[in-house]
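Geometric and topological summary
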Amino acid sequence: MSLNKGFQDLEEYGEMLVRTIKSSKVEHNLRTMREGYQLLFDLHTNTKKTITQLLSDLTHAKEGVGQKLLAVERQKSELSQELQSLEQDLQHSVAKNQTMEAELQFLKRELQNLKDSEREIQTLQDEVDEDTTEIIPSAIYLAQLYYKVTKIKWEHDNKPGVLKGVHYGEDLATPINVDLSSQSKCSVTDYLWSFVGTDW
């Protein structure tokens, strides 16, 4: 009796479960879940494709950046070498400029020395011109006067300490050759006066 009661209860529970399942719209819920899963799968697939594309783009971007970085490094190296070359040129130019400046200062000093020398020479020339204007005519006059009185013509290319000349007398010409180092001034004077005539 109790077994039949148990089967009957089980059967009722089964029917009630079937009714519950039918009334709870499980199939609709499963379909909805399947559609949601499909959407999620599609979203996952699209996301994966997007991520893959982004990774590919990132890889290309890295390669581009790497190439640009290498180009920048090469340019930096070239600019560094050019800068070193310009610095060396600048040092050479500075050294050359210093040398030229020193040469210019030296030439300025030389020019000033030449100007000073020119002024000194001009001063001496002026003095010589003045002396020539004043002294030489008087010296010529005295020489002519001495010749008129003594009739002695002196040679001027003698050795130091030697008097040479010629006395032109009325009858003959007498050479004069006196070594001043071996005779006194008085004896030389007396000797020369002996040529002068006394007939005035």
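Considerations on the overall build of the protein
- Tallying secondary structure elements over the protein gives three helices and three strands in all.
- Sequence-ordered secondary structure for the protein, helices as α and strands as β, is α-α-β-β-β-α.
- Burial statistics for the protein: of 200 residues in total, 5% are counted as buried.
- Once local pairs closer than 6 in sequence are excluded, the contacts in the protein between residues at least 24 apart make up 17%.
- Split by element, the accessible area of the protein, about 18,100 Å² in all, is 60% carbon and sulfur.

Points about the pattern of salt bridges
- Overall, the coordinates contain one salt bridge when judged by the stated rule.
- In this structure, the salt-bridge partner of D116 is R119, at a minimum N-O distance of 2.2 Å. Here the residue D116 and the residue R119 both occupy positions in helix α2 (residues 26-150), the gap between them amounting to three residues, near one helical turn.
- Looking at D116, the relative accessible area reads 26%, which means it is partly exposed.

A look at the pairing of strand β2 (residues 162-168)
- Alignment of strand β1 (residues 152-154) against β2, held across three bridges, turns out to be antiparallel. Opposite W154, over in β2, you have G165 as the bridge partner.
- Judged from the seven bridges that link them, β2 and strand β3 (residues 173-179) form a sheet pairing that is antiparallel. Paired with Y168 across the bridge in β3 is A173.
- Taking the residues between adjacent antiparallel strands as the criterion, β2 and β3 are bridged by four residues.

Observations concerning the sheet that holds β2
- Read across the open sheet, the three strands follow the order β1-β2-β3; overall the sheet is antiparallel. Both edges of this open sheet fall to β1 and β3, since each of them pairs with a single strand only. Neighbour-to-neighbour, the strand axes of the sheet open up by a mean angle of 25 degrees, direction not taken into account.
- Helix-sheet contacts for helix α3 (residues 185-193) involve β1, β2 and β3, and the interaxial angle to β3 is about 175 degrees.

Side note on the nonpolar core
- Counting residues in hydrophobic clusters, the biggest one holds six residues: I152, I176, V178, V188, L192 and F195.
- Those elements that place two or more of their residues in this core are β3 and α3.
- Residues in contact with V178, not counting those within four places in the same chain, are G161, V162, L163, Q183, V188 and Y191.

Quick notes on the environment of Y168
- Its location among the elements puts Y168 in strand β2.
- Residue classification places Y168 among the partly exposed positions, given a relative accessible area of 37%.
- Among residues more than four places away in sequence, those in contact with Y168 are Y147, K151, K153 and A173.

As for a nonpolar patch on the surface
- Among the surface-exposed residues, Y141, L142, L145, Y146 and V149 lie close enough to one another that they form a single nonpolar patch of about 490 Å² accessible area.
- Position of Y146 relative to the elements: it lies in helix α2.

A closer look at the side chain of H167
- Position of H167 among the secondary structure elements: in strand β2.
- Overall, the relative accessible area of 8% leaves H167 in the buried class.

Here is what the cut-offs are and how they apply
Residues numbered from 1 in each chain as written. Predicted model: local features only at pLDDT ≥ 70, side-chain atom pairs only at ≥ 80, totals over all residues. Heavy atoms only, no water. Helix = DSSP H or I, 4+ residues; strand = E, 2+ residues; numbered from the N terminus. Buried < 20%, exposed > 50% of the residue type's maximum accessible area, 1.4 Å probe, protein only. Contact = heavy atoms within 4.5 Å. Areas by Shrake-Rupley, 256 points an atom, 1.4 Å probe, with all protein chains shown as cover. Salt bridge = Lys/Arg side-chain N within 4 Å of Asp/Glu carboxyl O. Pairing = 2+ DSSP bridges. Axes fitted to C-alpha atoms, helices over the stretch in contact; angles between N-to-C directions. Core = buried A, V, L, I, M, F, W, Y, C linked by side-chain atoms within 4.5 Å. Patch = residues over 30% accessible without salt bridge, like charges linked within 9 Å, V, L, I, M, F, W, Y side chains within 5 Å.

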